[in-house]
Amino acid sequence: MPRLTAVLAVLVAVLVTVPLAPSGARAEPTPTAPALTWAVQPADERGPDGRRWMEHTLNAGQVVTERLAVRNFSDRPVVFSLKAADGYLTDKGRFNMLPSSQESVDGGTWITVRETVTVAAKGTAVVPFTITVPHDARPGDHPAGIAATVTASGGTVAVESRVGFRVMMRVSGTITASLAVDGLTTTYRRSWNPFTPGSVEVRYTAGNDGSVAVTGAGAVTTGELFGATGHSTRAEVAETLPGGTREVAVQVDGIWGLGRLRTTVELTPAPLDGDTGGAEIRPATATVTTWTLPWPQLLLAALLAALLLAARTTARRRRGRLTALLAQARAEGRAEAREPTPAGRTPTDPTD
């Protein structure tokens, strides 16, 4: 049973931190060893060179030699595993690299580095590594990360802690900056105050189907009354790597909900480095139509109509009662006129 348990043990990749700035990692202490703290940074022959990450523009088939520095802040020597993997952005926009359990298929496979390095207590080790661009590499960005790893065993579970930095590689050639809008949905949020407009909540997924990292800017517009009126708000997409996606939610205010609502998203991508020279820019647009009714205004109109009808009915009844009273008075007057005149008095007697 212990052997079966060991076979079924899960290798947990805790956090593959590939920060924008060099930072350290800390592995939790075990009963027999103190905590380990280390950092990994871009380097030259002498040690860390001040770069936060690496960026290279390379030709297909080109080979480049680079260096990294592993700094051990602990009080004992440590053997670190060195690994490279494809890079990606998390849902919160942080750069990360694939865990050891997931196979790399792009830029991470271009980096060759020794498997381990031993760093003395309070010491620094500079390790060279090579970047080899395939001859058939697609022009554009191929993000990767490289990290130093320590695996700690706790019972039947192995915990992998690592820290590193991003390696941004761009293969020269014609690049494409492109965004696609998918899953566009709208939800009308009405105000029950009939004198206050509502809003439209717009959600969509912006996917980078181009070859370089991009940001996006544009507008989200909702029109009503068949385009006679409408409102807009800015649409922005944060950094998105090739093949990556971003979930976007915006709100368009000032919408009354007068029947058909036509919402359009327009995005124009821009290469992350701002260099549009030689780049093919592919804007994105998507439209969705929904229908809604201005219930607060309709209820107000119904209430006003009911009040007007009630007022007209009351006025008609009053006029009817007045007419009836006048008719009754006339009838009584005619009846009195037909009655006999008492003796000694004339019909024109002013006392009558």
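Values in this document were obtained by computation on a predicted structure and should not be read as measured data. (Residues numbered from 1 in each chain as written. Predicted model: local features only at pLDDT ≥ 70, side-chain atom pairs only at ≥ 80, totals over all residues. Heavy atoms only, no water.)

Q: Explain the overall build of the chain to me, please; I cannot follow it from the model alone.
A: Within the chain one finds two helices and 22 strands. Within the span of the chain, comprising 352 residues, buried residues form 38% of the whole. Of the roughly 19,900 Å² of accessible surface on the chain, 55% is carried by carbon and sulfur atoms. (Helix = DSSP H or I, 4+ residues; strand = E, 2+ residues; numbered from the N terminus. Buried < 20%, exposed > 50% of the residue type's maximum accessible area, 1.4 Å probe, protein only. Areas by Shrake-Rupley, 256 points an atom, 1.4 Å probe, with all protein chains shown as cover.)

Q: Would you mind showing me how to read a nonpolar patch on the surface here?
A: Residues Trp192, Leu293, Trp295, Leu298 and Leu299 make up a contiguous nonpolar surface patch of about 550 Å² in total accessible area. Within the fold, Trp295 resides in helix H2 (residues 295–338). We classify Trp295 as partly exposed; its relative accessible area is 41%. (Patch = residues over 30% accessible without salt bridge, like charges linked within 9 Å, V, L, I, M, F, W, Y side chains within 5 Å. Salt bridge = Lys/Arg side-chain N within 4 Å of Asp/Glu carboxyl O.)

Q: What is the right way to look at the nonpolar core in this model?
A: It is characteristic of soluble globular proteins that their nonpolar side chains tend to be buried jointly. Val70 and Phe80 are the most contacted members of the largest nonpolar core, which has 31 residues in total. Among the elements that line this core, the one with the most residues is strand S13 (residues 157–171), at five residues. For Val70, the residues in contact, after removing those within four places along its chain, are Ala39, Val40, Phe80, Leu82, Val117, Val119, Gly123, Thr124, Ala125 and Ala148. With 26 residues, the next largest nonpolar core counts Ile175, Leu179, Val212 and Leu261 among its residues. (Core = buried A, V, L, I, M, F, W, Y, C linked by side-chain atoms within 4.5 Å. Contact = heavy atoms within 4.5 Å.)

Q: Even after reading the chapter, I still don't get the sheet that holds strand S20 (residues 259–271), so can you show me in this structure?
A: Two strands in a sheet stick together by hydrogen bonds in their backbones, pointing the same way (parallel) or opposite ways (antiparallel). With antiparallel pairing, the four strands of this open sheet are ordered in space as S18-S17-S20-S22. What marks the edges here is a single partner per strand, and that holds for strand S18 (229–240) and strand S22 (284–292). In this sheet, adjacent strand axes meet at a mean angle of 15 degrees when their direction is disregarded. (Pairing = 2+ DSSP bridges. Axes fitted to C-alpha atoms, helices over the stretch in contact; angles between N-to-C directions.)

Q: Is there a simple way to explain the confidence of the model for the chain in this structure?
A: Detailed conclusions should not be drawn from predicted coordinates in areas where pLDDT is low. When pLDDT is averaged along the chain, the result is 85; 84% of the residues meet or exceed 70. Scored below 50 in pLDDT, residues 1–23 shows 43 contacts in the model against residues more than four places distant or in partner chains. Low pLDDT, under 50, characterises residues 27–32; the stretch is placed with five contacts to residues that sit more than four places away or in other chains. (pLDDT = per-residue confidence, 0-100.)

Q: What is the right way to look at the environment of Leu98 in this model?
A: Relative to the helices and strands, Leu98 resides in the loop between strand S8 (95–97) and strand S9 (111–113). When neighbours within four sequence positions are excluded, Leu98 is seen to be in contact with Ala85, Asp86, Tyr88, Glu103, Ser104 and Arg162.

Q: Help me understand the pairing of strand S3 (residues 36–44), please; the structure alone is not making it clear to me.
A: Looking along a regular strand, one sees the side chains alternate between the two faces of the sheet. Of all nine residues in S3, eight are buried, a share of seventy percent or more. Bridge count for S3 against strand S4 (residues 47–48) is two bridges, and the pairing is antiparallel. Across the sheet, residue Ala43 finds its bridge partner in S4, namely Pro48. Linking S3 back to S4 in an antiparallel pair, the connection comprises two residues.

Q: Hey, could you run me through the packing of aromatic side chains in this one?
A: For any pair of aromatic rings, geometry is given as the distance between the ring centres together with the angle between the planes. Evaluation of the coordinates by the stated rule reveals two aromatic pairs. On the basis of an interplanar angle of 50 degrees and a centroid distance of 5.4 Å, the ring pair of Trp38 and Phe80 is categorised as tilted. Of this pair, Trp38 sits in strand S3 while Phe80 sits in strand S7 (residues 78–89); the two residues are 42 residues apart in sequence, bridging distant segments of the chain. Arranged with centres 6.4 Å apart and planes meeting at 70 degrees, the rings of Phe226 and Trp291 form a pair that is edge-to-face. In this pair, Phe226 sits in the loop between strand S17 (214–224) and S18 while Trp291 sits in strand S22, placing the two residues 65 residues apart along the sequence. For the pair Phe226 and Trp291, one class covers both residues: exposed. Taking the ring centre of Trp53 as reference, the NZ or CZ of Arg166 above it sits at 4.9 Å. The aromatic ring of Trp192 is capped on one face by Arg190, whose charged end is 5.6 Å from the ring centroid. (Phe/Tyr/Trp six-rings, centres within 6.5 Å; stacked < 30°, edge-to-face > 60°. Lys NZ or Arg CZ within 6 Å of the ring centre and 35° of its normal.)

Q: I tried to follow the pattern of salt bridges on my own but got confused; where do I start?
A: Opposite charge on two side chains lets them pair, provided their charged atoms get close. Taken as a whole and assessed by the stated rule, the structure comprises eleven salt bridges. A salt bridge links Arg203 to Glu201, with the nearest nitrogen and oxygen atoms 3.2 Å apart. The salt bridge partner of Glu236 is Arg234, with a shortest N-O separation of 3.2 Å. Here Glu236 falls in the exposed class, since its relative accessible area comes to 51%. Beyond isolated ion pairs, a larger network of salt bridges with shared partners links Asp49, Arg51 and Glu66.

Q: Teacher, can you tell me more about the sheet that holds strand S15 (residues 180–189) here?
A: The strand order S15-S16-S19 describes an open sheet built from three strands, whose pairing is antiparallel. The sheet is open, and its two edges are formed by S15 and strand S19 (245–255), each paired on a single side. Adjacent strand axes in the sheet meet at a mean angle of 20 degrees, parallel and antiparallel pairs treated alike. Pairing geometry for strand S16 (residues 198–207) and S19, over ten bridges, is antiparallel. Pairing of Ser199 across the sheet is with Asp253, part of S19.

Q: Got a minute to help me understand the environment of Val200 in this structure?
A: Within the secondary structure layout, Val200 lies in strand S16. Judged by its relative accessible area of 1%, Val200 falls in the buried class. Excluding residues within four positions of it along the chain, Val200 makes contact with Thr186, Thr187, Tyr188, Thr222, Val250, Gln251, Val252, Ile255, Leu261 and Thr263.

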